Amino acid sequence: MSTPNVGTTETMTFAKAVNTALAEELRRDPTVFIMGEDVAEAGTPFKVLSGLVDEFGTERVIDTPISEAGFTGVGVGAAMTGMRPVVDIMFGDFLTLIMDQVVNQAAKIHYMSGGKLHVPLTIRTTLGATRRSAAQHSQSLHAWVSHIPGLKVALPSTPADAKGLMKAAIRDDNPVIIFEDKLSFQEKGEVPTSEDFVLPLGVADIKREGRDVTLIATSSMVQVALEAAKTLASDGIEAEVVDPRTTSPLDDATLIESAKKTGRCIVIDEGHRRYGASAEIAAVVSDGAFWWLDAPVRRLAAMDVPIPFAPNLEDLTVPTPADVVSEAVTLINP
Amino acid sequence: MTPPKTTTPKKPWTRAAALRAYEQMMRIRVFEEHANDLYLSAKMPGLTHMYTGQEAVAVGICEHLTADDTITSTHRGHGHCVAKGAAYPEMFAELLGREAGYCRGKGGSMHIADQENGNLGANAIVGGSAGIATGSGFSAKARGNGDVSVCFFGEGALGQGLLFEVMNMAQLWKLPVIYVCENNMYNEYTHYSEVTAGEILGRPQAFGMRTAHVNGQDINEVHTTAKDLIDRARKGEGPAFMLCDTYRYHGHHVGDIARDYYRSKDEEEEWKSTRDPINLFTAWLTSNFKITEDDLASIEAQIRSEAEQAVDFALNAPYPDDSEVDQHVYA
Ligand SMILES: Cc1ncc(C[n+]2csc(CCOP(=O)(O)OP(=O)(O)O)c2C)c(N)n1
Ligand SMILES: [Mg+2]
């Protein structure tokens, strides 16, 4: 992992990394607070926020009614008047309920006011299927908000990125939406202990270097790509795994540079394929690396169906390491 | 609709404060006359929604607010903006999309925001600012600074779920927010009674929220009632809902000319001739203070001359440079 200047690290889960980032920011800045459903004593259904209320109290870790649009709007107004709210939306699927507050309010206020008003708001929510949660609790809707100018969108794929991006989101003066993969919460990794470990938003990370094919993977798909890369390596194919880390801003330069180097590129993303984040990334790479590419940019993404409940069906909808391997092999030996 | 009986106390204002309130109402009216002219003479891009007729609501309430108190406003927002202290030149410039405008010409009539005066912005989504106003109240409470936040909205916003979500939270957490429902009886081209079930005040009352119902054409009544509600909110006693019966003189927007299919000329005439907020206040002022019609006329003349200069300024002000187009997308 190419994270600069990390200093000492500690092994922790993704969930703990998020929790640590929030605790540090709550401690550092009295204007930071968290609001959402079951965030206080329950620490969210995924227990990611456990313990925060004990240290910071119910005035700063606030249980709300089940009113996503309402408390997101409260977050926008509080952000406009000097606070740095972290709004917790339990499932990414509930973005549907807050879209007006996010898209028509938070994203546009700075621009519409000619730069006078600021909305330093963080929204943390989830993405990812294969938890057998069916169609309304499994979607990856990050492309929706990535489409909107004025919003930033972060997709941490490791515990370290989860900490660094959360801290960046809170300290940023713009609305930032962070999507956490529900299946990552128990994944472990090395996390810098520094309280100033803040990752820049808009800088991709090379998760594995390679010369033969570029795998651009987001969020949950980074582990899928890394696993595929291992298999490919045993066949003598060296894959480079690039994690954009934010879809907005998107680090075009790093993605294009990697594709130029390898001449082949596959984009892997858990959002739906049609009009998805994978489509935009593929377009950026095709455009920027066209004369260096030996083959068209390929895409692997969630099937264009609602996420089914039946486990065998659900597993068909999401790209797997085997899918990535076979796509890479076809690309290299057509 | 029968407006409730006026219960005007004897002297809700000092002489100076009363004159200022008159001036502010007149400022709104004159601003809009010019806005209408700019539209009719095709000098203004787009459309605008006139506040004329409702002035007593914005002024009666905003006269209690400091620049640190916040408001949020609607598509029909000029009145709130002026009442909260905005200046003509920047307002006209914004209306015309000029760089000298409050939002560098990037907001326009429906999005004027004036942060220095605590105006968090007009909002073109019906009910869309209820969250912002409540969040601002949340901020004020978190900092314990005694500021209040006022959320102005039309009765059309009663159809939006967001309003009820945030009113629940405001009451639950005792936030200093005043929800001001300006019932001008029309949701665009539909009478509110056709789309609004039950009692309006039954809604906030169901949350246990303090409510008041006033004749929104009588600035004395608006002002006196608002004082109690705002004082309470400042002291941490929680939010309130103020229902103001009022009327917009113009169409839904400046282009809504032929409107007899949804409301009669007689109705319009009746409101204008018997319930005009400025006329009612003029009569009250001249009989309760040593103020003559001439005194008021000279205030009006001063405002008119400021307006003309400001329109002139705005018409001659440059549009934002093309390079502005992608500035202020991100902070
Ligand atoms: C959410 C939403 N739906 C519809 C519209 C279109 N629209 C603009 S103003 C308006 C009527 C609003 O009526 P009311 O809230 O009573 O305000 P008034 O115009 O009377 O001041 C409508 C339907 C909108 N701007 N936002
Ligand atoms: Mg109305």
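Residues numbered from 1 in each chain as written. Chains lettered and ligands numbered in written order. Predicted model: local features only at pLDDT ≥ 70, side-chain atom pairs only at ≥ 80, totals over all residues. Heavy atoms only, no water.

## Topic: the interface of chain B and chain A
Next, step 1: Counting residues at the interface gives 37 residues for chain B, matched by 42 residues for chain A.
Next, step 2: Counting each side, the surface lost to burial between chain B and chain A is near 3,000 Å², with a carbon and sulfur contribution of 64%.
Next, step 3: Contact with chain A buries area across many residues of chain B, yet F138(B), Y330(B) and A331(B) alone supply 19% of it, more than any other trio.
Next, step 4: At the junction of chain B with chain A, the criterion picks out zero salt bridges.
Next, step 5: Counting across the chain B and chain A interface gives 14 residue pairs in polar contact (both at pLDDT 80 or more).
Next, step 6: Elements represented by at least two residues in the side of chain B that touches chain A include exactly α5 (130–143) and α6 (161–172) of chain B.
Next, step 7: The biggest single contributor to the side of chain B that touches chain A is α5(B), with nine residues.
Next, step 8: Partitioning the side of chain B that touches chain A into residue classes produces 17 nonpolar, 14 polar and six charged. (Contact = heavy atoms within 4.5 Å. Buried area = accessible area lost by both parts, 1.4 Å probe. Salt bridge = Lys/Arg side-chain N within 4 Å of Asp/Glu carboxyl O. Polar contact = N/O pair within 3.5 Å; in protein donor to acceptor, adjacent residues only side chain to side chain. Helix = DSSP H or I, 4+ residues; strand = E, 2+ residues; numbered from the N terminus. Nonpolar A, V, L, I, M, F, W, Y, C, P; charged D, E, K, R; others polar.)

## Some remarks on the site of ligand 1
Residue and element names in this part refer to chain B.
Next, step 1: Taken together, 15 residues are adjacent to ligand 1, and H75, R76, A124, G156 and N184 come closest.
Next, step 2: Taking G156, its main chain carries an N or O atom lying 2.9 Å from an oxygen atom of ligand 1.
Next, step 3: Note that an oxygen atom of ligand 1 is positioned 2.9 Å from one of the backbone N or O atoms of Y186. (Near = heavy atom within 4 Å.)

## Considerations on the pattern of salt bridges
Next, step 1: By the definition in use, this model includes 38 salt bridges over all chains.
Next, step 2: For E327(A), the salt bridge is made with R298(A), and the minimal N-O distance between the two is 2.6 Å. A residue pair is termed long-range when its members are at least 10 positions apart, and E327(A) in helix α11 (residues 321–332) and R298(A) in strand β14 (residues 298–302) qualify at 29 residues.
Next, step 3: Overall, E327(A) belongs to the buried group, its relative accessible area being 16%.
Next, step 4: Taking the shortest distance from any N to any O, the salt bridge between E237(B) and R232(B) comes out at 4.0 Å.
Next, step 5: Residue classification places E237(B) among the partly exposed residues on the basis of a relative accessible area of 38%.
Next, step 6: A relative accessible area of 13% places R232(B) in the buried class.
Next, step 7: Among the ionic contacts, a cluster of salt bridges with common partners joins E24(A), E25(A), R28(A), K163(A), K167(A), R171(A) and D196(A). (Buried < 20%, exposed > 50% of the residue type's maximum accessible area, 1.4 Å probe, protein only.)

## Concerning a negative patch on the surface
Next, step 1: A contiguous patch of negative charge on the surface is contributed by D38(A), E41(A), D54(A) and D63(A).
Next, step 2: Relative to the elements of secondary structure, D54(A) occurs in helix α2 (residues 52–56). (Patch = residues over 30% accessible without salt bridge, like charges linked within 9 Å, V, L, I, M, F, W, Y side chains within 5 Å. Areas by Shrake-Rupley, 256 points an atom, 1.4 Å probe, with all protein chains shown as cover. Lys, Arg positive; Asp, Glu negative; His and termini not counted. Charge placed at Lys NZ, Arg CZ, Asp CG, Glu CD.)

## Comments concerning the sheet that holds strand β9 (residues 205–208) of chain A
Through backbone hydrogen bonds, the strands of a sheet pair up, either in parallel or in antiparallel fashion.
Residue and element names in this part refer to chain A.
Next, step 1: Strand order in the open sheet formed by five strands is β9-β11-β10-β13-β14, and the pairing between neighbours is mixed. The open sheet terminates on both sides in strands that have one partner only, identified here as β9 and β14. Recorded for the sheet is a direction-independent mean angle of 25 degrees between the axes of neighbouring strands.
Next, step 2: Two strands pair when backbone bridges link them, and strand β13 (residues 265–272) and β14 are joined in this way by four bridges, in the parallel orientation. (Pairing = 2+ DSSP bridges. Axes fitted to C-alpha atoms, helices over the stretch in contact; angles between N-to-C directions.)

## Examining a nonpolar patch on the surface
Next, step 1: A cluster of nonpolar side chains, namely F290(A), W291(A) and W292(A), defines an oily patch on the protein surface of about 460 Å² accessible area.
Next, step 2: With respect to the secondary-structure elements, F290(A) resides in the loop between α9 (277–289) and β14.

## Let's talk about the environment of G82(A)
Next, step 1: The topology assignment puts G82(A) in the loop between α3 (68–80) and β4 (84–88).
Next, step 2: Along the backbone, G82(A) and P120(A) are 38 residues apart, and their C-alpha atoms lie at a distance of 8.5 Å.

## Remarks on empty space enclosed by the protein
Next, step 1: The tally for this structure, following the rule as stated, stands at five cavities of 30 Å³ or more.
Next, step 2: Taken as a whole, the largest cavity encloses approximately 110 Å³ of empty space.
Next, step 3: Lining the largest cavity are 14 residues, with I109(A), M112(A), L120(B), G121(B) and A122(B) sitting closest to its centre.
Next, step 4: When residues of the lining of the largest cavity are assigned to their parent elements, the largest contribution, three residues, is made by helix α4 (residues 95–112) of chain A.
Next, step 5: By volume, the second largest cavity is sized at about 50 Å³.
Next, step 6: Among the elements that take part in the lining of the second largest cavity, strand β5 (residues 122–127) of chain A stands out by supplying three residues, more than any other. (1 Å grid on protein atoms, 1.4 Å probe; cavity = no way out; pocket = protein on both sides within 12 Å on 5 of 7 lines; lining within 4 Å. Points joined across faces, edges and corners; volume = space filled by probe spheres on them.)

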